[in-house]
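Spelled out, the chains give:
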Amino acid sequence: MINTKLVTCGLCQSYYADPRQIPCSHSFCFDCISGRFNEETLTLICPKCEKLHQYNSYEEFQNRCMRDGFLASMVAQFKKNQSRLSGLTSRPSSTISHISSVSSSTPIPLISKQEINSHELSTTSQRSTPSIPQQQRPTSVLSQQSTARVLIAKCQSCNIRGELIVCSHCDSVICVKCSSEHQNILNEDIKREWDICKTRYETINEQSLRYDNDEKEMNNKARNLQIFINKQSDQLIQTVENQKNLYMDVIEKHRQTYKQSFTHEQFVDEYESIDKRVDELFKSDDINADKVNDFLFEIEHLEDRLDNLNNLLDSNEVKFPFLSLPEQIDVSSLFGTLNFNHINTDSTRSDPTSSQLTNGYHDSQSKFEDDDFVVINSPNKNLISKKIEQKSLPIPHTQKKKLLWQIEYFSVPYYVRIFENQLFICDKYGSLAIYKLTKSNDIRQKPILHREIKLFKDTPNSTTNDEDQTIIDSFTVYKSWIIVFKRKKNELHGTIYWFTFDGKLIPNGKCLHHHPSRELTIDLEKNILWSLDQKQLSLFYYDLPEIKLTNPQDCLQIRHSHVQFSKPFAPIHISVNKNALAVLDKNRQAIHVYDKQTKQEIYQYINVHSKSTHFCWDMALFSDNSLLIKLDEMSTLRTGPSKHIYLQLDTSPQHHIIGTIEEIDAYGMMITSTDEILIGIRVNTKGIVKCYV
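The structure reproduced in this document is the subject of the present report. (Residues numbered from 1 in each chain as written. Predicted model: local features only at pLDDT ≥ 70, side-chain atom pairs only at ≥ 80, totals over all residues. Heavy atoms only, no water.)

**Examining the overall build of the chain**
Here comes step 1: Of regular secondary structure, the chain possesses 11 helices and 34 strands.
Here comes step 2: Relative to its full complement of 693 residues, the chain shows a buried share of 45%.
Here comes step 3: Considering only contacts within the chain whose residues lie at least 6 apart along the sequence, 50% involve residues at least 24 apart.
Here comes step 4: For the chain, the exposed surface amounts to about 37800 Å²; the carbon and sulfur share of it is 49%. (Helix = DSSP H or I, 4+ residues; strand = E, 2+ residues; numbered from the N terminus. Buried < 20%, exposed > 50% of the residue type's maximum accessible area, 1.4 Å probe, protein only. Contact = heavy atoms within 4.5 Å. Areas by Shrake-Rupley, 256 points an atom, 1.4 Å probe, with all protein chains shown as cover.)

See below:
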C-alpha cells in the first residue's frame, strides 16, 4: 500500500493537486508554492530545506516549477486503491477479494440445494437466475454478511456440474470447490504486479536519495571551504586580498550555478534565422555560387559553435570544490589551487596537503583541511586520488597599470579611436561622441567633450526582430573621414559608410560590401585599410588615397591578399602598429604577430589560460611589439556582470606578464601611438572610458 504521507502536500496537508518540483527537488501543490513566491524580491524560500532560490521574473519561476509526473501518478493510484477498498464493504459474499492481505486458505461459504429450492418460487418471477437469501454466516475476509447468487451448472475450471459462484473481479463462473484455487491465482497476479511496482519505486527512491545526499555533501563542503578560506585570509597581508576575493567568487558561483542550464537562446535564434533564409533561397530563382558559399560558411560556423556547446554540456558534472596548497607558499599562490572534483571517480588521488605545512600554518589548520576538503570518500570507502586539472586563473603579482583619468559617455562604449587631437567614442548603433585633446596625440591630459553626433537615424526598439537589427561591426577613423561597417546581427556581409567628422554621409559614401569582413583597421603609416575575411580565411587590405577622396567605392574595388590562413584557423581580431600586425585565432586561442613588410611571423603566443575560467577574446599591440590580451570570464560561471583581466606580455619567449588591469563589463579597447591604454566600460545603459599607463 502507498503511504498517505507520500501523496500529501506538506503545506495544505491534502492530496497533491498539480504537484510541482522546485530546483531543490522538493515538491508541493502548484497553488501552495505559488503563494510562497515573493514578487517584490523575485525569490522563493523552500518550506522544507529553507534554501533560497532567486529568479529573474515570475514567468521564470513558473517555467522552472517542473511538473512531478511520478508524484501525480502515485496520487492517482492511491485514490484508485482507496476507491476499491471502500467498495469492498458493499460487495456480495460471492465476491472474491483481491487485497493482498487475504489468506488464500479462507473458504468461501457454501449454500445447500435445500436452501435454493425453498426460495426458488419467490425469486422466479423477479430473476431468471436463482438467488440465495441473506443468511447469518461467520465473517471472513472474502465475504461480508450479504446476499450471494448461486448457479447450478458446469464449472468453467473443473467442468463438473455443481453450485457455481460468479467472481465480481473477473466475472469468471466457478464452483465452490475451485474458489480457493481461483482466489490464489488472483492473489498471485496482484502480488506479481505489486512486486514489480515496489522494485521500481525502491530503485527510483534509492537514486533520488543518493542524488540528494551528493548535493548536500557538495553544498556542505563548499560552505566549509569558504569558511576555511575566510579564516586563512585574516592572517594574510593586503597584497593577496585580490587572490582571496577571486577564489571566494568562484566557489560562490559554483554553488549558485550548479543546476543552471547553459544559455542557448543565441544558437536558437541563429538556427531559426538560417532555416528561414535557406527556405527563402530554395524558393528563389536567383541562386548563385556566392549565396550558396555564404550559406555553407554560416552553417559550418553554427556547427562549430554547436559542437563546442555540446562538449561543454557533456562535461558539466557535479564537482566538489578542492583546494591544494603548494609546497612553497608565496604571494602569488598563497591559497593554493582551487579545483572541482567529480562526484564519482574510480581512481584514487594522493593528498597534496598531507605533508607538514610551514610558513605560518599551524598543525590544527593542516588537519582541518585534510579532514574537510582534501579526502573525499566514495561509496566504496576508497580515496579519490586523481589530481584535478587546474581550472583557476591565478592573478600574477605584477605591477598594476595606473589609472590616469576617466570620462563619462551616454551609451555603451563599444569603439574607442584617436586621430590627431580628437578622441572618438561610439556604441554599436552609431551614437558618437567626439572629445578634444589639449595637444595632438597627447592623451595624458583628460579630454573635453566637443560634440555628440547620431550617425544613423534608425535606433533599436523592442518591436524590431533581433535578427533584423543592424549593428556596427567595425568603426575606424582615417584623415578627415569616419569609416563604419554596418550589418545585420545574423549576417556576415553588410554596408561600409563614409562620414565626415560632422557626421554627414559623403557623396557615394554608402558602399555595399559582399565579403564576410571583420575588424576594419586603419594603418596610417601605409594609408591602407586592413580587414579579415572569415570565409576565405585571409588577411587582406585596401589602398586608400593620401589626400583627396573622390569616390569611396573605387577604393573598395580591389583588395590585396596579405596572409592566407588554413583551417581550423578562425581569425576574429587584428591589431597594427608601425612595423607589425597581430591576428587572434579564436579556435586555438593563439595570437600570431607578423612583420608588415616581409609577412614573416615574428612570434606566436598561445593563451595558457584557455582551460581556465577565462578566454582570450581581444588583443592589441604596443609600439615595441609586446601584447595586451583581454581575458573574458567564460559564460558557464557567469551570474552577473562579466569580469575581465588585461595582461601585458613582453616579447621574450616566456612572454612574462609585466602589467595587469582588472575591469567589469569592459567593451572597446585600444593602445595609442604613445602606448596609453583606453578601455570602454559599461555602467548599466551608459558607460565610461578609462585611460591607463
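Here the narrative resumes.
**Considering the nonpolar core**
Here comes step 1: Ranked by size, the top nonpolar core spans 20 residues in total, and within it Val-7, Tyr-16, Ile-22, Phe-28, Ile-33, Leu-44 and Phe-61 carry the most contacts.
Here comes step 2: Looking at this core, the elements that each hand over two or more residues are strand 2 (27–29), helix 1 (30–34) and helix 3 (69–88).
Here comes step 3: The element contributing the most residues to this core is helix 3, with four residues.
Here comes step 4: Those residues within four positions of Ile-22 in sequence are excluded, and the remaining contacts are Phe-28, Ile-33, Leu-44, Cys-46, His-53 and Cys-65. (Core = buried A, V, L, I, M, F, W, Y, C linked by side-chain atoms within 4.5 Å.)

**Let's talk about the sheet that holds strand 24 (residues 571–576)**
Here comes step 1: If you walk across this open sheet you meet the four strands as 24-25-26-27, and the pairing is antiparallel. Two strands bound the open sheet, and with one partner strand each, they are strand 24 and strand 27 (601–606). Pairs of neighbouring strands in the sheet enclose a mean axial angle of 15°, with direction left out of account.
Here comes step 2: The pairing of strand 26 (residues 590–595) with strand 27 spans five bridges and is antiparallel. In the sheet register, His-592 faces strand 27, and the bridge partner there is Gln-604. (Pairing = 2+ DSSP bridges. Axes fitted to C-alpha atoms, helices over the stretch in contact; angles between N-to-C directions.)

**Focus: unusual backbone geometry**
Here comes step 1: Even without a glycine there, the phi angle at Glu-50 is positive, about 60°.
Here comes step 2: Tracing the backbone through its elements, the reader meets Glu-50 in the loop between strand 3 (43–45) and strand 4 (52–54).
Here comes step 3: Even without being glycine, Asn-527 reaches a positive phi, approximately 55°.
Here comes step 4: With respect to the secondary-structure elements, Asn-527 resides in the loop between strand 20 (517–523) and strand 21 (528–533).

**Looking at the side chain of His-592**
Here comes step 1: In this fold, His-592 is placed in strand 26.
Here comes step 2: A relative accessible area of 7% means that His-592 is categorised as buried.
Here comes step 3: One polar contact links His-592 to Glu-601, side chain to side chain, over a distance of 2.7 Å.
Here comes step 4: Ignoring sequence-local partners within four residues, the contact set of His-592 consists of Phe-569, Leu-581, Ala-582, Val-583, Glu-601, Tyr-603 and Gln-604. (Polar contact = N/O pair within 3.5 Å; in protein donor to acceptor, adjacent residues only side chain to side chain.)

**Remarks on the pattern of salt bridges**
Here comes step 1: Taken as a whole, this structure holds 18 salt bridges when the rule is applied.
Here comes step 2: A salt bridge links Arg-559 to Asp-533; its shortest N-O distance comes to 2.8 Å. With Arg-559 in the loop between helix 11 (552–555) and strand 23 (560–564) and Asp-533 in strand 21, this pair connects stretches of sequence that are 26 residues apart.
Here comes step 3: Across the pair Arg-682 and Asp-665 runs a salt bridge whose closest N-O atoms are separated by 3.2 Å. Here the residue Arg-682 occupies a position in strand 33 (residues 677–683), and Asp-665 occupies one in the loop between strand 31 (657–664) and strand 32 (666–671), the gap between them amounting to 17 residues.
Here comes step 4: In this structure Arg-682 comes out as partly exposed when scored by relative accessible area, which is 31%.
Here comes step 5: A residue is classified by how much of its surface remains accessible, and Asp-665, at 10% relative accessible area, is buried. (Salt bridge = Lys/Arg side-chain N within 4 Å of Asp/Glu carboxyl O.)

**Some remarks on the sheet that holds strand 34 (residues 686–692)**
Here comes step 1: With antiparallel pairing, four strands are arranged side by side in an open sheet as 11-34-33-32. The sheet is open, and its two borders are formed by strand 11 (403–409) and strand 32, each paired with just one other strand. Averaged over all pairs of adjacent strands, the angle between their axes in this sheet comes to 20°, without regard to strand direction.
Here comes step 2: As paired elements, strand 33 and strand 34 share seven bridges and run antiparallel to each other. Bridge pairing in strand 34 places Ile-677 opposite Tyr-692.

**Comments concerning the pairing of strand 14 (residues 431–436)**
Here comes step 1: In terms of burial, strand 14 is a largely internal element, five of the six residues being buried.
Here comes step 2: Relative to strand 14, strand 13 (residues 422–426) runs antiparallel, the two sharing five bridges. By the bridge assignment, Cys-426 is partnered in strand 14 with Leu-432.
Here comes step 3: What sits between the antiparallel neighbours strand 13 and strand 14 is a turn of four residues, in which Gly-430 has the positive phi angle 105°.
Here comes step 4: Pairing of strand 14 with strand 15 (residues 448–454), which is carried by six bridges, proceeds in the antiparallel orientation. Paired with Lys-436 across the bridge in strand 15 is Ile-448.

**Thoughts on the packing of aromatic side chains**
Here comes step 1: Throughout the structure, instances matching the rule amount to 20 aromatic pairs.
Here comes step 2: Consider the rings of Tyr-414 and Tyr-415, whose centres lie 6.5 Å apart with planes at 40°: the pair is tilted.
Here comes step 3: Judged by centre distance (4.7 Å) and plane angle (50°), the rings of Tyr-414 and Tyr-667 are tilted. Of the two residues, Tyr-414 is situated in the loop between strand 11 and strand 12 (415–419) and Tyr-667 in strand 32; the sequence distance between them amounts to 253 residues.
Here comes step 4: According to the relative accessible area criterion, Tyr-414 is partly exposed, its value standing at 26%.
Here comes step 5: The exposure class of Tyr-667 is partly exposed, given its relative accessible area of 23%.
Here comes step 6: Grouped by ring-pair contacts, the aromatic residues Phe-37, Tyr-55, Tyr-58 and Phe-61 constitute a single cluster.
Here comes step 7: Note that Arg-20 overlies the ring of Phe-30, its terminal NZ or CZ placed 4.3 Å from the centroid. (Phe/Tyr/Trp six-rings, centres within 6.5 Å; stacked < 30°, edge-to-face > 60°. Lys NZ or Arg CZ within 6 Å of the ring centre and 35° of its normal.)

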